[in-house]
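Residues per chain, in single letters:
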Amino acid sequence: MEQLEEYIRPDELDNVTGSGYVVDCLKSARYTLQQNNYQDVIKTAISLGRDTDTIACVAGGIAGLYYGFEAIPEKWIEQLKGNG
């Protein structure tokens, strides 16, 4: 918990790396959450590069809680394997 408070601060989100290291991942996810909707959060996570699937997963989970399931683009849901 101490590392989260020390390393993941809103005033220091200018140096995100897209790394899968847990502190970097959370910092990157927090950075993406500055967007205004679910789709932009995910696109921003992917645009960071490096460990995009991990960052998008963490950011998407948090954004999903915040924006709700209905904020996920329908065309994305339709592409999921086993949907239907």
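Heads up: these notes are all about the structure in this document. (Residues numbered from 1 in each chain as written. Predicted model: local features only at pLDDT ≥ 70, side-chain atom pairs only at ≥ 80, totals over all residues. Heavy atoms only, no water.)

1. A word on the overall build of the chain
Here is step 1: Check the secondary structure of the chain and you find five helices and zero strands.
Here is step 2: Listing every helix and strand of the chain by position from the N terminus yields α-α-α-α-α. (Helix = DSSP H or I, 4+ residues; strand = E, 2+ residues; numbered from the N terminus.)

2. With respect to the side chain of Ser-28
Here is step 1: Relative to the elements of secondary structure, Ser-28 occurs in helix H2 (residues 22-32).
Here is step 2: A relative accessible area of 0% means that Ser-28 is categorised as buried.
Here is step 3: Not counting residues up to four positions away in its chain, the partners in contact with Ser-28 are Val-16, Thr-17, Gly-18, Leu-48 and Ile-55. (Buried < 20%, exposed > 50% of the residue type's maximum accessible area, 1.4 Å probe, protein only. Contact = heavy atoms within 4.5 Å.)

3. Observations concerning the packing of aromatic side chains
Here is step 1: Taken as a whole and judged by the stated rule, the model has two aromatic pairs.
Here is step 2: When the ring of Tyr-66 is compared with that of Tyr-67, the centres are 4.8 Å apart and the planes differ by 90°; the resulting orientation is edge-to-face.
Here is step 3: The exposure class of Tyr-66 is exposed, given its relative accessible area of 66%. (Phe/Tyr/Trp six-rings, centres within 6.5 Å; stacked < 30°, edge-to-face > 60°.)

4. With respect to unusual backbone geometry
Here is step 1: Phi at Arg-50 is positive, roughly 60°, even though this residue is not glycine.
Here is step 2: Among the structural elements, Arg-50 can be located in the loop between helix H3 (38-47) and helix H4 (52-67).

5. Considering H3
Here is step 1: Listed as buried for H3 are Tyr-38, Val-41, Ile-42, Thr-44 and Ala-45. Each buried residue of H3 lies within a common arc of 160° when the element is viewed along its axis, so the set occupies one face.
Here is step 2: Where H3 is buried, its residues meet H2, H4 and helix H5 (74-78).
Here is step 3: With a side-chain oxygen lying 3.2 Å from the backbone nitrogen of Gln-39, the N-terminal cap of H3 falls on Asn-37.
Here is step 4: Gly-49 occupies a position one or two residues after H3 and carries a positive phi of about 80°. (Arc of directions from axis to C-beta. Polar contact = N/O pair within 3.5 Å; in protein donor to acceptor, adjacent residues only side chain to side chain.)

6. A look at the packing of H3 against H4
Here is step 1: One way to put it is that H3 packs onto H4 with a least axis distance of 8 Å and a crossing angle of 165°. Here H4 runs roughly antiparallel to H3, going by the angle between their axes. As H3 packs across H4, the resulting crossing turns out to be right-handed. Counting all contacts with H3, which are made through Tyr-38, Val-41, Ile-42, Ala-45 and Ile-46, the residues of H4 involved are Thr-52, Ile-55, Ala-56, Ala-59, Gly-60, Ala-63, Gly-64 and Tyr-67.
Here is step 2: Class assignment of the residues belonging to the contact of H3 with H4 gives a composition of 10 nonpolar, three polar and no charged. (Axes fitted to C-alpha atoms, helices over the stretch in contact; angles between N-to-C directions. Parallel < 35°, antiparallel > 145°, perpendicular 65-115°, else oblique. Left-handed = near helix turned anticlockwise from the far one by under 90°. Nonpolar A, V, L, I, M, F, W, Y, C, P; charged D, E, K, R; others polar.)

7. Topic: the nonpolar core
Here is step 1: Listed in full, the 12 residues of the largest apolar core are Cys-25, Ala-29, Tyr-38, Val-41, Ile-42, Ala-45, Ile-55, Ala-56, Ala-59, Ala-63, Ile-72 and Ile-77.
Here is step 2: Looking at this core, the elements with two or more residues in it are H2, H3 and H4.
Here is step 3: For Ala-56, the contacting residues outside a window of four places in its chain are Ile-42, Ala-45 and Ile-46. (Core = buried A, V, L, I, M, F, W, Y, C linked by side-chain atoms within 4.5 Å.)

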